[in-house]
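# Reading the structure
Here is how the chains run, residue by residue.
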Amino acid sequence: MIILKGGVCVTPEGLVRADVAIDGDKIARVAPEGVVPGEGDEVRDVSGCWVFPGFIDGHTHMQCWTGMDWTADSFETGTRAAVCGGTTTIVDYATADRGVTLPEALDEWHRRADGTCAGNYAFHMAVTEWNDRNRADLRAMRDAGVTSFKTYLAYDHLRLTDAETLEIMEALRDLDGVLCVHCENGDVVNALQRRVLEQGITGPEGHPLSRPAEAEADAVSRLLYLAHLAGDAKVNVVHLSSAMGLEAVRAAKARGQENIFVETCPQYLTLDDTRYLEQGEDGFAGAKYVMSPPLRKPSDVRALRGALLGGEIDTVATDHCSFNLHGQKDRGRGAFTKIPNGGPGVEHRPVVMATTFEGELGPEDLCRLMSENPAKLFGMWPEKGRLAAGADADVCVWDPSARWTIEAATQHQAVDYTPWEGFEAHGRAKLVYVNGVLAAEDGEPTGAVAGRYVPRH
Ligand code: URP
Ligand code: ZN
Ligand code: ZN
């Protein structure tokens, strides 16, 4: 057994000073009375640390063609980086591109991930066309452990119409599935992209101008009315970025819709649209922040922070979708519409959140937003998201007294920048176990490839 001795455990019953015993791939005991080590047991002193159930990132894109380029991180590098930061499970977006069936896409994502992952992985399934075949295959997906799906209201090669979005929500309601939706009005984005380019604005600063908060709020509002029409279907508004989008969520909740879940990401809680003006060495550093939705105004950041502290946000995920600045994003020098959309974050989410909200969010809040709630929403509870006897031995021992600086030069994400370069980090994942195997220590990987596919229920 592995015995974690003397830490403060973040349990469903609250903070408890207790020893944690790991036996094989399960947590055997969380013992306030202490665990007396037996012969052969490995004891780690974790006094001064918080012991969390491993963090879960419910929104990543690893090893994925996004329409413009392949993401920089593979499942191997992405999950290795994840465990270094304390994230033991990712839920990645498998995508059935048009002409590809859902089972074919799922097989392909298994081929990419199986046998390579330092951390656990599960798959959402993104549905990019709505037809009888895909409708019928939703049940097969559920039987294969895929209980959450994604559709887009923007990106021409991915998006469904409103009527199709309504139908998939109705179909998923019957299966008790959840639909995660990328909320931006695609028509408006297309028109504004043309308009901004015609105005001669071609650099990264054109990106937020072409994807305004109104385009997000309109899509959130439309989605939530459709969910109402679909009999209060379960929906997860992913990567919420704006105060106006938040108002649309509030309006739906005020009319009694209870099956609405809201995700936001550290970038929308810490960075704003002044970043698009960053020049860097080659005058193109603003491209680092080209992601959709874009970074918003400082007032949006304040509104989202308030919503987070007020309990209106259910999960904080990363939308990790990494592209190198040099050799990938910089191919969009002539037109911001050609910059691959997305940024890295899977390694740094826990520490960015813990540091930014130090004194405002305690360990139980961090656990709820980054482990417990994603486990519950995505069908992994009570095996994951819970530090308790019988749960999976995915554990993050967190040292809140650690001090270090986030830098691209020392990160494990396979990408040439981080949006949090120079961020003075408070706290660090000291020991990270995946299925009972030590996967990372003091922010460095052990080399263990202990991740498993997580079929969900
Ligand atoms: O820019 C982003 N976020 N790219 C990833 C795909 C998505 O929209 O989630
Ligand atoms: Zn999206
Ligand atoms: Zn995404």
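Anything mentioned here points back to the structure above.
In terms of helices and strands, the chain carries 12 helices and 17 strands. For the chain, the C-alpha radius of gyration of 21 Å lies close to 23 Å, the compact-globule estimate for 457 residues. When its C-alpha atoms are laid out on the principal axes, the chain stretches across 70 × 55 × 40 Å. The buried share among the 457 residues of the chain stands at 60%. Of the contacts formed within the chain by residues at least 6 apart in sequence, a portion of 77% connects residues at least 24 apart. Accessible surface computed for the chain: about 16200 Å², of which carbon and sulfur atoms make up 49%. Both charge centroids of the chain, one from 44 positive and one from 68 negative side chains, sit 2 Å from each other.

Every protein donor of the zinc ion (ligand 2) is listed here as His182 (ND1) and His239 (NE2), and their distances to the metal cover 2.1 Å. The site at the zinc ion (ligand 2) holds 4 donor atoms, and with the angles between them running 56 to 140°, its shape is irregular. In this structure the zinc ion (ligand 3) is found 3.7 Å away from the zinc ion (ligand 2). Taken together, the residues histidine 182 in strand 10 (residues 178-182) and histidine 239 in the loop between strand 11 (235-237) and helix 8 (243-254) connect sequence positions 57 residues apart.

Attention now moves to the coordination of the zinc ion (ligand 3). Distances from the zinc ion (ligand 3) to its protein donors, His59 (NE2), His61 (NE2) and Asp319 (OD), fall within 2.0 to 2.1 Å. The sequence pattern formed by the donor residues of the zinc ion (ligand 3) is H-x1-H-x257-D. For histidine 59, a relative accessible area of 0% corresponds to the buried category.

It is worth spelling out the environment of alanine 118 at this point. One can find alanine 118 in the loop between helix 2 (102-113) and strand 8 (120-127). Taking the C-alpha atoms as reference, alanine 118 lies 5.2 Å from arginine 80; in sequence the two are 38 residues apart. In contact with alanine 118, not counting residues within four places along its chain, are Thr79, Arg80, Val83, Val434, Ala439, Ala448, Val449, Ala450 and Gly451.

So, on to the sheet that holds strand 7 (residues 87-96). Remark on secondary structure: sheet strands pair via backbone hydrogen bonds, oriented parallel or antiparallel. The 8 strands lie next to each other as 6-7-8-9-10-11-12-13, forming an open sheet whose pairing is parallel. Edge positions in the sheet fall to strand 6 (55-60) and strand 13 (315-316), since each of these pairs with one other strand and no more. In the sheet, strand 6 pairs with strand 7 via 4 bridges, with the strands oriented parallel. If you follow isoleucine 56 over to strand 7, its bridge partner there is threonine 89. Of the strands in this sheet, strand 6, strand 7 and strand 13 touch helix 11 (residues 349-356), which is tilted by about 110° from strand 6.

If you check helix 2, its first and last C-alpha atoms are 17 Å apart, about what 12 residues at 1.5 Å a residue would give, namely 16 Å. All of the buried residues along helix 2 are Leu102, Ala105, Leu106, Trp109, His110, Arg112 and Ala113. The buried residues of helix 2 all sit within an arc of 160° when viewed along its axis, so they share a single face. The inward-facing, buried residues of helix 2 contact helix 1 (75-85), strand 7, strand 8 and helix 3 (132-143). Positive backbone phi, approximately 80°, marks glycine 115, located one or two places after helix 2.

This paragraph deals with empty space enclosed by the protein. Enumeration according to the criterion identifies 1 cavity of 30 Å³ or more in this entry. Counted as a void, the largest cavity has a volume near 40 Å³. Every residue along the wall of the largest cavity is listed here: Ile56, Gly58, Glu263, Thr315, Val316, Ala317, Arg349, Pro374 and Phe378. Elements supplying a minimum of two residues to the lining of the largest cavity: strand 6 and strand 13. The class makeup of the residues in the lining of the largest cavity is 5 nonpolar, 2 polar and 2 charged.

Criteria and thresholds
Residues numbered from 1 in each chain as written. Chains lettered and ligands numbered in written order. Predicted model: local features only at pLDDT ≥ 70, side-chain atom pairs only at ≥ 80, totals over all residues. Heavy atoms only, no water. Helix = DSSP H or I, 4+ residues; strand = E, 2+ residues; numbered from the N terminus. Rg over C-alpha atoms; globule rule 2.2 N^0.38 Å. Buried < 20%, exposed > 50% of the residue type's maximum accessible area, 1.4 Å probe, protein only. Contact = heavy atoms within 4.5 Å. Areas by Shrake-Rupley, 256 points an atom, 1.4 Å probe, with all protein chains shown as cover. Lys, Arg positive; Asp, Glu negative; His and termini not counted. Charge placed at Lys NZ, Arg CZ, Asp CG, Glu CD. Donors = N, O, S within 2.8 Å, 3.2 Å for Na, K, Ca; no water. Tetrahedral: all angles 85-135°; square planar, octahedral: opposite > 155°, others 65-115°. Pairing = 2+ DSSP bridges. Axes fitted to C-alpha atoms, helices over the stretch in contact; angles between N-to-C directions. Expected span 1.5 Å × (residues − 1). Arc of directions from axis to C-beta. 1 Å grid on protein atoms, 1.4 Å probe; cavity = no way out; pocket = protein on both sides within 12 Å on 5 of 7 lines; lining within 4 Å. Points joined across faces, edges and corners; volume = space filled by probe spheres on them. Nonpolar A, V, L, I, M, F, W, Y, C, P; charged D, E, K, R; others polar.

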